[in-house]
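Single-letter residue listing:
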Amino acid sequence: MSGNNESLAARFAALGDPTRLAIMNRLIEVGPQSAGDLGTLADISAPAMSRHLKVLHSAELVHREIDKQRRIYSANPEALQAIATWSIGRREFWTASLDRLTHHLSPPDED
């Protein structure tokens, strides 16, 4: 597997967790947040939130800045663009597949 495929796979795997997906949604919608602010998203411990943020950071989905005692996280637009580019590139395949499925599931024409 090439480096790009490994990065993409790591990003999809990271986003496969509902808590991490919620974190990304918050960062995209609201903007940079501290780890403490993100902790209000889910009823999880600070160490659990830290692990989720570490996975997102390892997958390069978030940038992390250190501001004294706080860690500030923001969405990484380049990583999100890579996911979007890959997904859009497969649109023709999915459209054709869904069209075939719709045809297959449609009741037969009555003559």
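Heads up: the structure comes first, above all this text.
I will try to describe carefully the structure that is included in this document. Predicted model only: the values in this text are computed from it and were never measured.

Tallied over the entire structure, the rule returns 1 salt bridge. One salt bridge in this structure joins R11 and E60, with 2.9 Å as the shortest N-O distance. Taken together, the residues R11 in helix α1 (residues 3–15) and E60 in the loop between α4 (46–58) and β2 (62–67) connect sequence positions 49 residues apart.

Now for the nonpolar core. Ranked by internal contacts, the top residues of the largest apolar core, which has 17 residues, are I23, M24, L27, L38, L56 and L61. Of all the secondary-structure elements, those providing two or more residues to this core are α1, α2 (18–30), α4, β3 (70–75) and α5 (77–89). If near-sequence neighbours (up to four positions away) are discounted, L61 is found in contact with R11, A14, L15, M24, L56, S74, A75, N76, A79, L80 and I83.

Looking now at the environment of L15. Mapped onto the elements, L15 comes out in helix α1. Residues L15 and N76 lie 61 residues apart in sequence; the distance between their C-alpha atoms is 13 Å. If we skip the residues at most four places from it in the chain, L15 touches L21, M24, L61 and I83.

All right, on to the sheet that holds β3 then. Pairing in this open sheet of 3 strands is antiparallel, and the strands run β1-β3-β2 from one edge to the other. For this open sheet the edge positions go to β1 (33–34) and β2, each flanked by a neighbour on one side alone. Examined bridge by bridge, β1 and β3 share 2 bridges and lie antiparallel to one another. Opposite S34, over in β3, you have I72 as the bridge partner. Along the sheet face, α2 touches β1, β2 and β3 and points at about 80 degrees away from the line of β3.

The rules behind the values
- Residues numbered from 1 in each chain as written.
- Predicted model: local features only at pLDDT ≥ 70, side-chain atom pairs only at ≥ 80, totals over all residues.
- Heavy atoms only, no water.
- Salt bridge = Lys/Arg side-chain N within 4 Å of Asp/Glu carboxyl O.
- Helix = DSSP H or I, 4+ residues; strand = E, 2+ residues; numbered from the N terminus.
- Core = buried A, V, L, I, M, F, W, Y, C linked by side-chain atoms within 4.5 Å.
- Buried < 20%, exposed > 50% of the residue type's maximum accessible area, 1.4 Å probe, protein only.
- Contact = heavy atoms within 4.5 Å.
- Pairing = 2+ DSSP bridges.
- Axes fitted to C-alpha atoms, helices over the stretch in contact; angles between N-to-C directions.

By themselves, these are just geometric observations and shouldn't be taken as functional.
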